[in-house]
Amino acid sequence: MQKSLNTQLNFIRSNSHMKPRVTYSGTNEGQQYNEAYKFFDVAIENARFKEKKFTLNEHGFELIEHHLTDTNFENNAWISEAFYSEIKNIVAKASGASEVFVFDHTIRRGTDNSKRRPAQHVHVDYTHTTAASRAAVIIDENRLERFKGKRFIQVNFWCSIKGPVEQLPLAFLDSQSLDENDLVKADIEFKNPDHLGEIYALKYNPNQKWFYYADMQPQEALLIKGYDTNQHAISKFTPHSAFIDPTSKRGTAPRQSIEVRTFAFFD
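Residues numbered from 1 in each chain as written. Predicted model: local features only at pLDDT ≥ 70, side-chain atom pairs only at ≥ 80, totals over all residues. Heavy atoms only, no water.

*Asks:* Would you take a moment to explain the overall build of the protein for this structure?
*Replies:* In terms of regular secondary structure, the protein is built from four helices and 14 strands. Here the protein has a C-alpha radius of gyration of 18 Å; the compact-globule value for 267 residues is 18 Å, and the two agree. Considered along the principal axes of its C-alpha atoms, the protein spans approximately 50 × 45 × 45 Å. For the protein, with 267 residues in total, the buried portion stands at 52%. As displayed, the protein offers around 13,100 Å² of accessible surface, 44% of which is attributable to carbon and sulfur atoms. Positive and negative side-chain charges in the protein, numbering 33 and 34 respectively, have mean positions lying 2 Å apart. (Helix = DSSP H or I, 4+ residues; strand = E, 2+ residues; numbered from the N terminus. Rg over C-alpha atoms; globule rule 2.2 N^0.38 Å. Buried < 20%, exposed > 50% of the residue type's maximum accessible area, 1.4 Å probe, protein only. Areas by Shrake-Rupley, 256 points an atom, 1.4 Å probe, with all protein chains shown as cover. Lys, Arg positive; Asp, Glu negative; His and termini not counted. Charge placed at Lys NZ, Arg CZ, Asp CG, Glu CD.)

Dropping the structure here:
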């Protein structure tokens, strides 16, 4: 296991004037990117070798352990009931939130027949605008009124659903090294079903500090903060991306993972 590695991440060109766009075809072709995107060389440190513990509130990401006795990731009903319930408790404990709402999930597979492959572009799932608008859509009016004017955050739960992560692990930016001026609004287009959303992409900055957890096991998971209404929060946005690990051995199993999206509210 290495302390760090050199690879490439997909950023926004510093001289680009076009709005970035990521397109999901709804087939097994994988994501497509317009010319605003460019791969840059990046050094990524293995967080397992760092003495400090990275936390959701201070750095924007956190490694946790989770143990489920029974899993059925082929069953959407089980995911939306039993698994979502587990995620609510995990996010509440890690964040200190009063109430957590789970609103959707995505399963990604690095296999040839997958319609949602690991996302190889540096991004944050929500912008200032889309985080608030999404919360207004998925949370019922009475509950939303209860938390009106109070702090809320958006958190993703991410884990492998089949074996250890041997290909395309996730890289995270320590949000303390983020210059928010480098965030760029980007379109994210889905062809099937037809939908156009908005996320943040990121310009490369040599002051950015990137980390990953090597050899993530099925009983490990990552929490990733995507948004925080507290303007004075230490971590607010956490850019992240799948990346090609040059140390991955030939013939290892493709990554299969789930990301569950939540909003967490504070009294």
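*Asks:* Please clarify how the nonpolar core should be interpreted in this entry.
*Replies:* Proteins that are soluble and globular tend to have nonpolar side chains buried together. By size, the foremost hydrophobic cluster in this structure holds 30 residues, and its most contacted members are Leu 9, Phe 11, Ile 44, Leu 202 and Trp 210. When contributions to this core are tallied by element, the ones reaching two or more residues are strand 1 (4-12), strand 4 (37-46), strand 6 (99-109), helix 3 (128-138), strand 8 (170-173), strand 10 (194-202), strand 11 (210-212) and strand 14 (256-265). Sequence-distant contacts of Leu 202, defined by excluding residues within four places in its chain, comprise Phe 11, Ile 12, Val 122, Leu 173, Leu 178, Asp 182, Leu 183, Gln 208, Trp 210 and Pro 239. (Core = buried A, V, L, I, M, F, W, Y, C linked by side-chain atoms within 4.5 Å. Contact = heavy atoms within 4.5 Å.)

*Asks:* Which parts of the structure should I look at to understand the sheet that holds strand 4?
*Replies:* In a beta sheet, neighbouring strands pair by backbone hydrogen bonds and run either parallel or antiparallel. What the five strands build is an open sheet, ordered 1-4-11-8-13; its pairing is mixed. On the outer flanks of this sheet lie strand 1 and strand 13 (240-242), each paired with one strand and no other. Taken pair by pair, the neighbouring strands of this sheet meet at an average axis angle of 40 degrees, ignoring direction. Here three bridges tie strand 8 to strand 13, and the two strands are oriented antiparallel to one another. Bridging across to strand 13, Ala 171 finds its partner in Ser 241. (Pairing = 2+ DSSP bridges. Axes fitted to C-alpha atoms, helices over the stretch in contact; angles between N-to-C directions.)

*Asks:* I would appreciate a short explanation of the layout of surface pockets in the present structure.
*Replies:* Unoccupied space between atoms shows up once a probe the size of one water molecule is rolled over them. When its volume is computed, the largest pocket comes out at roughly 480 Å³. Mapped by element, the contributors of at least two residues to the lining of the largest pocket are strand 6, helix 3, strand 9 (183-191) and strand 10. A total of four residues in the lining of the largest pocket trace back to one element, the largest contributor, which is strand 10. Residue composition of the lining of the largest pocket, by class: five nonpolar, seven polar and seven charged. Of the pockets and cavities examined, the second largest pocket occupies roughly 290 Å³. Around the second largest pocket, the lining comprises 14 residues; the ones closest to its centre are Ala 214, Asp 215, Asp 245, Thr 247 and Ser 248. Here the residues of the lining of the second largest pocket sort into five nonpolar, five polar and four charged. (1 Å grid on protein atoms, 1.4 Å probe; cavity = no way out; pocket = protein on both sides within 12 Å on 5 of 7 lines; lining within 4 Å. Points joined across faces, edges and corners; volume = space filled by probe spheres on them. Nonpolar A, V, L, I, M, F, W, Y, C, P; charged D, E, K, R; others polar.)

*Asks:* Looking at this model, I keep getting lost on the sheet that holds strand 2 (residues 21-24). Mind explaining?
*Replies:* Across the sheet, four strands lie side by side as 3-2-9-10; this open sheet has mixed pairing. Looking at which strands have only one partner, the edges of the open sheet turn out to be strand 3 (31-33) and strand 10. Taken over all neighbouring pairs, the strand axes of this sheet differ in orientation by 25 degrees on average, direction set aside.

*Asks:* Please clarify how the side chain of Arg 108 should be interpreted in this entry.
*Replies:* Locating Arg 108 in the fold gives a position in strand 6. For Arg 108, a relative accessible area of 5% corresponds to the buried category. Only 2.9 Å separates the side chain of Arg 108 from the side chain of Glu 259, close enough to count as a polar contact. Contact partners of Arg 108, with chain neighbours within four places excluded, come to Tyr 24, Gln 31, Arg 116, Arg 117, Pro 118, Ala 119, Arg 255, Gln 256, Ser 257, Glu 259 and Arg 261. (Polar contact = N/O pair within 3.5 Å; in protein donor to acceptor, adjacent residues only side chain to side chain.)

*Asks:* I would appreciate a short explanation of the environment of Thr 27 in the present structure.
*Replies:* Tracing the chain through its elements places Thr 27 in the loop between strand 2 and strand 3. Taking C-alpha positions, Thr 27 is 18 Å from Gly 197, a pair spaced 170 residues apart along the chain. Look past the residues within four positions of Thr 27 in its chain and what remains in contact with it is Ser 114 and Lys 115.

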